[in-house]
Amino acid sequence: MDKQEILKILGKPESFKENAEGSALTILIQSEALNVVITVPYQVTELIFEVQSKEGKTLLSDKHDFYGASEYEDFKESLLEITDIIKSPELRLTNNGKTVEAKGYKWYYWFGEFCN
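All of these numbers come straight from a predicted model, not from anything done at the bench.

## Observations concerning the overall build of the protein
Okay, so step 1: Assigned secondary structure in the protein consists of two helices and eight strands.
Okay, so step 2: When its helices and strands are written in sequence order, the protein yields α-β-β-β-β-β-α-β-β-β.
Okay, so step 3: The C-alpha radius of gyration computed for the protein amounts to 14 Å, which stays within 12% of the reference 13 Å derived for 116 residues, consistent with globular compactness.
Okay, so step 4: Every one of the 116 residues in the protein was classed for burial, and the buried ones make up 38%.
Okay, so step 5: The long-range fraction of contacts in the protein, counting pairs at least 24 apart against all pairs at least 6 apart in sequence, stands at 36%.

## Brief notes about the packing of helix α1 (residues 3-10) against helix α2 (residues 71-87)
Okay, so step 1: Where α1 meets α2, the axes come as close as 9 Å, and the angle between the chain directions of the two elements is 45°. Taken together, α1 and α2 sit at an angle that is classed as oblique. Regarding α1 and α2, the two cross each other, and that crossing is right-handed. Taken together, the residues of α2 that come into contact with α1 (itself represented by Glu 5, Ile 6, Ile 9 and Leu 10) are Tyr 72, Lys 76, Leu 79, Leu 80, Ile 82 and Thr 83.
Okay, so step 2: In terms of residue class, the contact of α1 with α2 is built from seven nonpolar, one polar and two charged.

## Observations regarding the sheet that holds strand β1 (residues 16-18)
Okay, so step 1: The five strands are arranged β1-β2-β3-β4-β5 in an open sheet whose pairing can be described as antiparallel. The sheet is open, and its two edges are formed by β1 and β5 (58-65), each paired on a single side. Geometrically, the sheet is characterised by an average inter-axis angle of 20° between neighbouring strands, direction not taken into account.
Okay, so step 2: Relative to strand β2 (residues 24-30), β1 runs antiparallel, the two being bridged by three bridges. Within β2, the position partnered with Phe 16 by the bridge is Ile 27.

Conventions and cut-offs
Residues numbered from 1 in each chain as written. Predicted model: local features only at pLDDT ≥ 70, side-chain atom pairs only at ≥ 80, totals over all residues. Heavy atoms only, no water. Helix = DSSP H or I, 4+ residues; strand = E, 2+ residues; numbered from the N terminus. Rg over C-alpha atoms; globule rule 2.2 N^0.38 Å. Buried < 20%, exposed > 50% of the residue type's maximum accessible area, 1.4 Å probe, protein only. Contact = heavy atoms within 4.5 Å. Axes fitted to C-alpha atoms, helices over the stretch in contact; angles between N-to-C directions. Parallel < 35°, antiparallel > 145°, perpendicular 65-115°, else oblique. Left-handed = near helix turned anticlockwise from the far one by under 90°. Nonpolar A, V, L, I, M, F, W, Y, C, P; charged D, E, K, R; others polar. Pairing = 2+ DSSP bridges.

Here's what the structure looks like:
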């Protein structure tokens with residue numbers, strides 16, 4: 001997905017920056033408990049996540065690649081989910097620091113190691 005398509009979905013909040021190479025968008029989401037940096041490369045359908053403590057220490061990294069018949073729609077849905085989380089960023093680490101959950105109507109899995 002190109003830069004303009006990504007920005008059309010995400011909008012243009014102040015927390016977005018383009019990397020020095022001009023090849024990806026970086027998004028910073030700050031919650032009370034932790035910060036999440038998301039890298040959205042242009043022309044591919046992947047998201048790279050890094051969770052940081054308020055002191056800047058990396059706590060968790062994850063990467064989502066989207067592929068298959070629903071690749072484009074799944075990627076678009078994930079971008080829309082990011083826009084929702086930016087509006088009200090309530091985040092927490094669970095599963096001994098291996099999973100990030102976001103709060104909507106209730107807490108739900110966002111990324112990291114999935115467990116039931």
